Amino acid sequence: MTTADGLAAPPRGVRPADHLSVGRSRRRRADNLRGWLYCAPFLLAFGLFLIWPTFYGLWMSFTGTSLAGTNTQFVGLDNWTEALGDPQVWSSLVNTAWFTLLSTIPLVLVAMFLAVLVNIGLPGQWFWRLSFFMPFLLASTVVSQFWNWMYNPQLGLINTFLGWFGITGPAWLQDPNTAMIAVVITTVWWTIGFNFLLYLAALQNIPDQLYEAASLDGAGGWRKFLSITLPQLAPTTVLVLVLQMLASLKVFDQIYQMTGGGPGGTTRPVLLYIYEVGFTGYRLGYASAISYIFFFMIIIVSIAYMVIASRRSVKA
Amino acid sequence: MSAANPTTVTLTPVVPRAAVTARTASSKRRRGPAPARIAAFVILAVLATAWLVPVLWAVLTSFKTEAEAAAMPVTIVPDGGFTVAAYVKVLSEGLVPRWAWNSFITSAAVTLITVTISALAGYALSRLRFAGRTMLITLIVASIMIPGQILIVPLFHLMLNLNMVDTYWGIILPQVVAAPMVFILKKFFDQIPFELEEAALMDGASRFRILRSIVLPLSKPILGAVSIFVFIGAWNNFLWPFIVVNDSNLMTLPTGLQTVISAYGIQYAQNMAQAVLAALPLIIVFMFFQRQIIKGIATTGIAGT
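These remarks concern the structure in this document. Nothing here was measured: the structure is a model prediction, and the numbers come from that model.

1. Quick notes on the overall build of chain B
Working step 1: On a plain count of helices and strands, chain B comes out with 17 helices and zero strands.
Working step 2: Taking all 305 residues of chain B together, the buried fraction comes to 50%.
Working step 3: Restricting the contact set of chain B to residue pairs at least 6 apart, pairs at least 24 apart contribute 75%.
Working step 4: Carbon and sulfur atoms provide 69% of the accessible area of chain B, an area that totals close to 13100 Å².

2. Topic: the overall build of chain A
Working step 1: Secondary structure assignment for chain A yields 14 helices and zero strands.
Working step 2: Walking chain A from its N terminus toward its C terminus, one meets helices and strands in the order α-α-α-α-α-α-α-α-α-α-α-α-α-α.
Working step 3: Buried positions account for 51% of the 316 residues belonging to chain A.
Working step 4: Considering only contacts within chain A whose residues lie at least 6 apart along the sequence, 66% involve residues at least 24 apart.

3. Description of the pattern of salt bridges
Working step 1: For the coordinates displayed, the defined rule picks out five salt bridges over all chains.
Working step 2: We note a salt bridge from E82 of chain A to R283 of chain A, for which the minimum N-O separation is 3.0 Å. Pair noted here: E82 of chain A is in helix 4 (residues 78–84) and R283 of chain A is in the loop between helix 13 (270–280) and helix 14 (284–315), with a separation of 201 residues, a long-range link.
Working step 3: On the basis of relative accessibility, which here comes to 35%, the residue E82 of chain A falls in the partly exposed class.
Working step 4: The salt bridge involving R207 of chain B is made with E197 of chain B; its shortest N-O contact spans 4.0 Å.

4. Concerning the packing of aromatic side chains
Working step 1: Within the structure shown, the criterion is met by 38 aromatic pairs over all chains.
Working step 2: Arranged with centres 5.4 Å apart and planes meeting at 45°, the rings of W147 of chain A and Y151 of chain A form a pair that is tilted. Here W147 of chain A pairs with Y151 of chain A, and both are found in helix 7 (residues 140–151), just four residues apart, close to one helical turn.
Working step 3: According to the relative accessible area criterion, Y151 of chain A is buried, its value standing at 3%.
Working step 4: An angle of 10° between the planes, with centres 6.2 Å apart, marks the rings of W149 of chain A and W57 of chain B as stacked. Of this pair, W149 of chain A sits in helix 7 while W57 of chain B sits in helix 3 (residues 34–62), which puts the two residues in different chains.
Working step 5: On the accessibility criterion, W149 of chain A (3% relative accessible area) is buried.

5. With respect to empty space enclosed by the protein
Working step 1: By the definition in use, this model includes one cavity of 30 Å³ or more.
Working step 2: In this structure, the largest cavity encloses a volume near 30 Å³.
Working step 3: For the largest cavity, the full set of lining residues is W149 and L155 of chain A together with W57, K64, E68, A69, A71, V74 and T75 of chain B.
Working step 4: Looking at side-chain class alone, the lining of the largest cavity contains six nonpolar, one polar and two charged residues.

6. Things to note about helix 13 of chain A
One turn of the α-helix equals 3.6 residues, which is why residues spaced by three or four share an orientation.
Residues and elements named next belong to chain A.
Working step 1: Most of helix 13 is tucked away: nine of the eleven residues are buried.
Working step 2: When we look at burial in helix 13, the residues that qualify are V270, L271, L272, Y273, I274, Y275, V277, G278 and F279.
Working step 3: Count one or two residues on from helix 13 and you reach Y282, which has phi positive near 60°.

7. Points about the nonpolar core
Residues and elements named next belong to chain A.
Working step 1: Core analysis: the biggest nonpolar cluster contains 194 residues, and F42, F132, V142, F146, W147, W189 and I290 have the highest contact counts within it.
Working step 2: Of all the elements, helix 9 (residues 179–204) adds the most residues to this core, at 16 residues.
Working step 3: In this structure, I290 is in contact with A83, V89, V270, Y273, I274 and V277, ignoring residues within four places of it in sequence.

8. Comments concerning the interface of chain B and chain A
Working step 1: Taken residue by residue, the interface counts 108 residues in chain B and 101 residues in chain A.
Working step 2: Of all residues in chain B, L44, W51 and M145 of chain B bury the most surface against chain A, accounting for 8% of the area lost on that side.
Working step 3: Connecting chain B to chain A are zero salt bridges.
Working step 4: Where chain B packs against chain A, one counts ten residue pairs in polar contact (both at pLDDT 80 or more).
Working step 5: Ranked by residue count, the leading element in the side of chain B that touches chain A is helix 3 of chain B, at 17 residues.
Working step 6: Looking at the side of chain B that touches chain A residue by residue, the class counts come to 86 nonpolar, 13 polar and nine charged.

9. Observations concerning the side chain of T187 of chain A
All names here are of chain A.
Working step 1: Topologically, T187 is positioned in helix 9.
Working step 2: Within the structure, the side chain of T187 is placed 2.7 Å from the backbone oxygen of V183, a separation counted as a polar contact.
Working step 3: Leave out the neighbours within four places in its chain, and T187 touches F99, L107, I192 and Q254.

10. A short note on the packing of helix 9 of chain A against helix 11 (residues 221–249) of chain A
Residue and element names in this part refer to chain A.
Working step 1: Packing of helix 9 against helix 11 brings their axes to within 10 Å, and their N-to-C directions diverge by 155°. It follows from the interaxial angle that helix 9 and helix 11 lie roughly antiparallel. Judged by the sense of rotation from one axis to the other, the crossing of helix 9 with helix 11 is right-handed. Of the residues in helix 11, those touching helix 9 at F194, N195, L198, Y199, A202 and L203 are T229, L233, T236, T237, L239, V240, L243 and Q244.

11. Things to note about unusual backbone geometry
Working step 1: Phi angles above zero are rare outside glycine, and Y282 of chain A is one such case at about 60°.
Working step 2: Checked against the element boundaries, Y282 of chain A lands in the loop between helix 13 and helix 14.
Working step 3: Note on Y282 of chain A: relative accessible area 47%, which makes it partly exposed.
Working step 4: Phi is positive for N163 of chain B, which is not a glycine, with a value near 55°.
Working step 5: One can find N163 of chain B in the loop between helix 8 (152–161) and helix 9 (168–172).

12. A few points about the packing of helix 5 (residues 87–119) of chain A against helix 11 of chain A
All names here are of chain A.
Working step 1: It is the contact of helix 5 with helix 11, at a shortest axis distance of 9 Å, that shows an interaxial angle of 145°. Where helix 5 crosses over helix 11, the handedness of that crossing is right-handed. Residue-level inspection shows T96, F99, T100, S103, T104, L107, V108, M112 and V116 of helix 5 in contact with helix 11, the latter providing F225, L230, L233, T237, V240, L241, Q244, M245, S248 and L249.
Working step 2: Considered class by class, the residues forming the contact of helix 5 with helix 11 number twelve nonpolar, seven polar and no charged.

Conventions used here
Residues numbered from 1 in each chain as written. Chains lettered and ligands numbered in written order. Predicted model: local features only at pLDDT ≥ 70, side-chain atom pairs only at ≥ 80, totals over all residues. Heavy atoms only, no water. Helix = DSSP H or I, 4+ residues; strand = E, 2+ residues; numbered from the N terminus. Buried < 20%, exposed > 50% of the residue type's maximum accessible area, 1.4 Å probe, protein only. Contact = heavy atoms within 4.5 Å. Areas by Shrake-Rupley, 256 points an atom, 1.4 Å probe, with all protein chains shown as cover. Salt bridge = Lys/Arg side-chain N within 4 Å of Asp/Glu carboxyl O. Phe/Tyr/Trp six-rings, centres within 6.5 Å; stacked < 30°, edge-to-face > 60°. 1 Å grid on protein atoms, 1.4 Å probe; cavity = no way out; pocket = protein on both sides within 12 Å on 5 of 7 lines; lining within 4 Å. Points joined across faces, edges and corners; volume = space filled by probe spheres on them. Nonpolar A, V, L, I, M, F, W, Y, C, P; charged D, E, K, R; others polar. Core = buried A, V, L, I, M, F, W, Y, C linked by side-chain atoms within 4.5 Å. Buried area = accessible area lost by both parts, 1.4 Å probe. Polar contact = N/O pair within 3.5 Å; in protein donor to acceptor, adjacent residues only side chain to side chain. Axes fitted to C-alpha atoms, helices over the stretch in contact; angles between N-to-C directions. Parallel < 35°, antiparallel > 145°, perpendicular 65-115°, else oblique. Left-handed = near helix turned anticlockwise from the far one by under 90°.

Printed below as a string of structure tokens:
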């Protein structure tokens, strides 16, 4: 048996050591070139479609560029000062923050709740997963079509349902008091599946021994949830919270498709305003300046997360 | 090297497996008392129903006549029975099949290019010690923070100059830059034991052959996960195709559907039929590959969002 193993593996040990090191240094030199060569296709796309637009956009924000590409002269900080004094910019930033707050809270808490319930191990696992996760796979336009129809003031299922209890429902998407809530409900329905999956994976990674030990100490179900499940889910919650905030800050699709930012701009997020300024108002330079103000908000959230995450890993 | 191979292949890092095996254990463990389980079941059933209602309602509407879809006391089951008239109309007159084809072609191209260039770069960053490697890794990771949405203005300007507005390439190319995927693949390659390649290098195999015949076959799970994630993202992408394409013959499903919302106005049954048709491909794919998709999204999604 041992001889057979020895015969099977000779080539590695046979070569003399000096031979090997010569091969290594030559390989290292070749690796220098090869490394850049292998990265080249990605770097080409990366440079052209990510890095260049990032800097070009910044440059554009200091110019008066229009959609036709004319009027590219340098205007200094004009766009920036105009943006900071533009009440539409501020209201769209407030709307974005408000949407982020309203959507993030349920998208974290309800996702956790659903995952904990599904993780109990009730029959019908695939059905629960399908129900809560499937909407995440739908395109935004499909989701918006479904929900525009649900919210239809006269014919929609929601107001029909309310009608059975004698309640006259509002014109959800046309009423400034309910439009934002309606969009948030749709967003929760659409995207909760992702957070649900992350929580489900985290729950399955909690070691059984923790629960067994707690049972021996006489802890009940609720007690176990509070002192084992919740603390064990803390890292996932931080992650889900930040990913969700970043996703919510970037909201555009469903609002554009469901309310168009209306009524009266009450649901217009900052990305929609950038789109309007750039592509229907043809002011690319001004749109770029607003884009960068938004970029700083995203960076702040990202950095805040990295600080929290690194502190956590230092503790651990 | 050929002799050493079979034993080591089984040691391949297959990261997501752990979650699958853990599930069987977890279903046994938290068995609470019976009343609690029944309560949990009822709550779940109510919530799952609530989650399915918007889809079911759209499907129901799509099988009604336009008159019945817009009938004032809303009926669940129409008096005249169900009909496929809306589907016939949409498929014969509308551009839905064309948009589905555009979506498929562009998403498949985005997936193919993204996975190829990301795997090449990921391999180089993982295995080749070249000058500037650390700097590149830092740059790529830092770039994950840049939200693609803020680039629509300069990107559109770039596409105008490249004459790519209203072309497939205009839709495809800006979507192939996926820094998170490069990073995910690099991390996966890092876990593959280097001895395998060392032996092949000694035997004089080229780097490219090693990548193709050793590294990539061992990385099937992660390549599958990345492909699924990228494909779904491209299939459902709205903002960029919406910006770069105006010709309705070149639109993808999500953007084409958007033009119909405004054009059809109050043709509710047809609207719903289009939406259901647009949703169908991914739902069917999901039914078949539920486990792989869930696994893929859970492993790549964290860095991908």
